[in-house]
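# Chains, contacts and geometry: an overview
One-letter residues, chain by chain:
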Amino acid sequence: MIRPTEFRMNEQTAVNNYYQKKTNIVSDVVTEKAIQEFDEFVSGLRKLGIEVIVVEDDPITDTPDAIFPNNWVSFHENGDVGLYPMFALNRRKERRPEVLNQIEASGYEIKNCIDYTSAENEELYLEGTGCVVLDHVYRKAYCALSPRASEELLIEFCEDFEYTPVIFTAYQTINNERLPIYHTNVMMGIGETFAIVCLDCIDDKKERKNVIKHLKSDKKEIIAISESQINCFAGNVLQVVGSKDKRYLVMSASAYKSLTKDQISKIERHCAIFYSNLDTIEKLGGGSARCMLAEIFLPKSL
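Residues numbered from 1 in each chain as written. Predicted model: local features only at pLDDT ≥ 70, side-chain atom pairs only at ≥ 80, totals over all residues. Heavy atoms only, no water.

A few words on helix 2 (residues 97-105). Where helix 2 is concerned, the buried positions are Val-99, Leu-100 and Ile-103. Seen from one end, helix 2 has its buried residues packed into an arc of 95°, which puts them on one side. Opposite the buried face of helix 2, at more than 90 degrees from it, the exposed residues are Pro-97 and Ala-105. The first or second residue beyond helix 2 is Gly-107, which carries a positive phi of 105°. (Buried < 20%, exposed > 50% of the residue type's maximum accessible area, 1.4 Å probe, protein only. Helix = DSSP H or I, 4+ residues; strand = E, 2+ residues; numbered from the N terminus. Arc of directions from axis to C-beta.)

This part takes up the pairing of strand 13 (residues 221-224). Judged from the four bridges that link them, strand 12 (residues 194-197) and strand 13 form a sheet pairing that is parallel. What sits directly across from Val-197, in strand 13, is Ala-224. Handedness of the β-α-β unit built from strand 12, helix 5 (residues 205-217) and strand 13 comes out right-handed. (Pairing = 2+ DSSP bridges. Right-handed = clockwise from strand over helix to strand, strands pointing away.)

With that settled, the discussion passes to the pattern of salt bridges. Any two side chains of opposite charge can pair if their charged atoms end up close together. Evaluation of the coordinates by the stated rule reveals 18 salt bridges. A salt bridge links Glu-120 to Arg-95; its shortest N-O distance comes to 2.7 Å. Of this pair, Glu-120 sits in the loop between strand 5 (112-115) and helix 3 (128-131) while Arg-95 sits in the loop between strand 4 (80-83) and helix 2, placing them 25 residues apart in sequence. Classification of Arg-95 by relative accessible area gives partly exposed; the value is 22%. A salt bridge links Arg-148 to Glu-127, with the nearest nitrogen and oxygen atoms 3.1 Å apart. Separated by 21 residues along the polypeptide, Arg-148 in the loop between strand 7 (140-144) and helix 4 (151-161) and Glu-127 in the loop between strand 5 and helix 3 bring together distant segments of the chain. Judged by its relative accessible area of 1%, Arg-148 falls in the buried class. Owing to a relative accessible area of 0%, Glu-127 belongs among the buried residues under this scheme. Each of Arg-3, Asp-39 and Glu-56 takes part in one network of salt bridges that share partners. (Salt bridge = Lys/Arg side-chain N within 4 Å of Asp/Glu carboxyl O.)

Below, the discussion takes up the packing of aromatic side chains. The tally for this structure, following the rule as stated, stands at seven aromatic pairs. Residues Phe-87 and Tyr-125 carry aromatic rings whose centres are separated by 5.6 Å and whose planes lie at 80° to one another, so their mutual orientation is edge-to-face. With a gap of 38 residues between them, Phe-87 in the loop between strand 4 and helix 2 and Tyr-125 in the loop between strand 5 and helix 3 connect regions that are remote in the sequence. Ring centres 4.2 Å apart and planes at 15° place the aromatic pair Tyr-256 and Tyr-275 in the stacked group. Placement of Tyr-256 in helix 7 (residues 253-258) and of Tyr-275 in strand 16 (residues 272-276) is noted, with a sequence separation of 19 residues between them. Residue class for Tyr-275 comes out partly exposed when judged on its relative accessible area of 39%. An aromatic cluster of at least three residues, connected via ring pairs, comprises Tyr-84, Tyr-116, Phe-157, Phe-161 and Tyr-163. A cation over a ring is seen here: Arg-139 above Tyr-163, with NZ or CZ 4.0 Å from the ring centre. (Phe/Tyr/Trp six-rings, centres within 6.5 Å; stacked < 30°, edge-to-face > 60°. Lys NZ or Arg CZ within 6 Å of the ring centre and 35° of its normal.)

What follows is the structure, given as structure tokens:
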């Protein structure tokens, strides 16, 4: 997780991230609130026995979205690290070697970096596990195509990391117009035995049926959420492991409050729920709990 230093609404990402909202609050207060939310989130995760490596953002680089590291890097079981091409120019500065150095210093082994960032020269993007929601159990990569998610790069990623691609387009209604959702992980999260997904966002019936078919064939319980709930970031969730191997689904307080009792009951049949207040980060950043977590599957170094 990257602790912010100069958090604000990123004007370069707002062109296709419709979850970002403007505010009249002065920048210093915004940053102070974001840091407070971040610190409380980290503290809550650690209390559950979840290992969290915190890296400080570089105040020199002007990277307002650095708090969302899962878009530029992913860490895999075989020791591979993926580095991803970013849509916004100022987000490309988030890729810092010292982040990888700190991961290694924390006892993890990085064997190889698979670098897709040269695709930026061709204006092709694939923003990490924001665009690609991975089913680690059945090795499937769910991806909603958008200006930030290239099908060509997704196929290349799946070949490199040995995942089966499940491709579709997800939409949201903006001013009575259906526009592509910028990141798959806004409308979909996959746990070991369940999936939270807004099927109403997949307008094409064949694509929707295909997603359902894959989830059901892998014996995932589908917990459907609405478009109004994804506006509260109910799809931006991540299953993690705490102490004594206990599973938790991590989400924001706004996401939790949007869920019905039935949806909460269904989730809790699979794992516990942990939530934290991320209101400022969500409103200005247009991302939530899952976006703030770059999970580490790397092997431990000997």
